[in-house]
Amino acid sequence: MTRPRALLSWSSGKDSAWALHVLRARHEIEVVGLLTTFNQVFARVAMHAVREELVRRQCLAVGLPLWAVPLPWPCPNEAYEAAMEAALARAKDEGITHVAFGDLFLADIRSYREERMASAGMTPVFPLWGRDTADLASAMLDRGTRATVVCVDPAQLDPSYCGRAYDAAFVADLPAEVDPCGENGEFHTFAWDGPAFRWPVRVRPGEVVERDGFVFADVLPVESEPVPA
């Protein structure tokens, strides 16, 4: 039986990586590419500010092509929607019918995605939706998810958390009001290993800076990293 072909919205973070693992385990749809928006001025992920080179290394590690969507800077919402519409039109032309998202519980975000997918003629998929986030964090870590915290909203979480490993100690140290998966935007991560990866994406810490009201921890590729055949 031929499965529907899908793109996965890929932020470079732990939830995206876990969504890929879940989708592959379910065998209901075939993920054929990772869809990522980039600030084309800085060549970084639009939300997390992760370097494009590292996302391309992630794609190699998980065995999927990157569907890069370049965005201008500054990027008004109209420009974002136009860029996404063009990418989804291309996907539809190539026989891709679904787009998966790693969203967990924010109903307004889900509604927005459903509206945009409907207008593009695509079917949205939410493989992690409604999962208890404390249980989800434990499951991800127990199965070998490895990630670095690359962005913190200082209005919700102390900047000292930025640059830390996303591990059991990090989750245990979070204030009670902070979601353990950061679903309210408290923090964002870069996933470098886990069950969806064929090998780790080796990184080293870079500079921590505050910009545009957020704190960012740069992660740099380990240049000597051997890529397995």
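Note: the structure precedes this text.
Cut-offs and rules
- Residues numbered from 1 in each chain as written.
- Predicted model: local features only at pLDDT ≥ 70, side-chain atom pairs only at ≥ 80, totals over all residues.
- Heavy atoms only, no water.
- Salt bridge = Lys/Arg side-chain N within 4 Å of Asp/Glu carboxyl O.
- Helix = DSSP H or I, 4+ residues; strand = E, 2+ residues; numbered from the N terminus.
- Buried < 20%, exposed > 50% of the residue type's maximum accessible area, 1.4 Å probe, protein only.
- Disulfide = S-S within 2.5 Å.
- Phe/Tyr/Trp six-rings, centres within 6.5 Å; stacked < 30°, edge-to-face > 60°.
- Lys NZ or Arg CZ within 6 Å of the ring centre and 35° of its normal.

Engineer: Just to check I follow, could you spell out the pattern of salt bridges for this structure?
Structural biologist: With the rule as written, the count across this model stands at 11 salt bridges. For Arg116, the salt bridge goes to Glu85, with nearest N and O atoms at 2.6 Å. Pair noted here: Arg116 is in helix H4 (residues 107–120) and Glu85 is in helix H3 (residues 77–93), with a separation of 31 residues, a long-range link. A relative accessible area of 22% places Arg116 in the partly exposed class. Asp103 serves as the salt-bridge partner of Arg113, at 2.5 Å between the closest nitrogen and oxygen. You can see Arg113 sitting in helix H4 and its partner Asp103 sitting in the loop between strand S5 (98–100) and H4, a full 10 residues away along the chain. One salt-bridge network, held together by shared partners, links Arg44, Arg51 and Asp218.

Engineer: I would appreciate a short explanation of the state of the cysteines in the present structure.
Structural biologist: Counted by the stated rule, this structure contains zero disulfides. We note that Cys151 lacks a disulfide partner, and the nearest cysteine sulfur, in Cys162, lies 6.4 Å from it. With no disulfide of its own, Cys181 lies closest to Cys151 among cysteine sulfurs, the gap being 16 Å. Overall, Cys181 belongs to the buried group, its relative accessible area being 1%.

Engineer: Explanation requested: unusual backbone geometry in the structure shown.
Structural biologist: Where the residue is not glycine, phi is negative for most of them; where a peptide bond is considered, it is trans in most cases. Backbone torsion omega between Trp73 and Pro74 reads -5 degrees, so that peptide bond is classified as cis. By the element assignment, Pro74 lies in the loop between strand S4 (66–71) and H3. Although it is not a glycine, Ser12 adopts a positive phi angle of roughly 90 degrees. In this fold, Ser12 is placed in the loop between strand S1 (5–9) and helix H1 (14–26). Taking relative accessible area as the criterion, Ser12 reaches 0% and is therefore assigned buried. Backbone geometry at Asp212 places phi at a positive 55 degrees, although glycine is not the residue there. The exposed category is assigned to Asp212, whose relative accessible area is 59%.

Engineer: Honestly, the packing of aromatic side chains in this entry has me stumped. Any pointers?
Structural biologist: Describing an aromatic ring pair means giving the distance of the ring centres and the angle of the ring planes. Considering all chains together, one arrives at seven aromatic pairs under this definition. Between the aromatic rings of Phe101 and Phe126, the centroid separation amounts to 5.6 Å while the plane-to-plane angle is 25 degrees, which identifies the pairing as stacked. With a gap of 25 residues between them, Phe101 in the loop between S5 and H4 and Phe126 in the loop between strand S6 (123–125) and helix H5 (133–142) connect regions that are remote in the sequence. Given the relative accessible area of 6%, Phe101 is considered buried. Judged by relative accessible area, Phe126 falls into the buried class, the value being 11%. Relative to Trp129, the ring of Phe126 lies with its centre 6.1 Å away and its plane at 65 degrees, an arrangement referred to as edge-to-face. The class of Trp129 is partly exposed, set by a relative accessible area of 30%. Three or more aromatic residues joined by ring pairs form one cluster here, namely Tyr161, Tyr166, Phe170 and Phe187. Here Arg90 stacks its cationic end above the ring of Trp67, 3.6 Å away from the centre of that ring.

None of this, on its own, says anything about what the molecule does.
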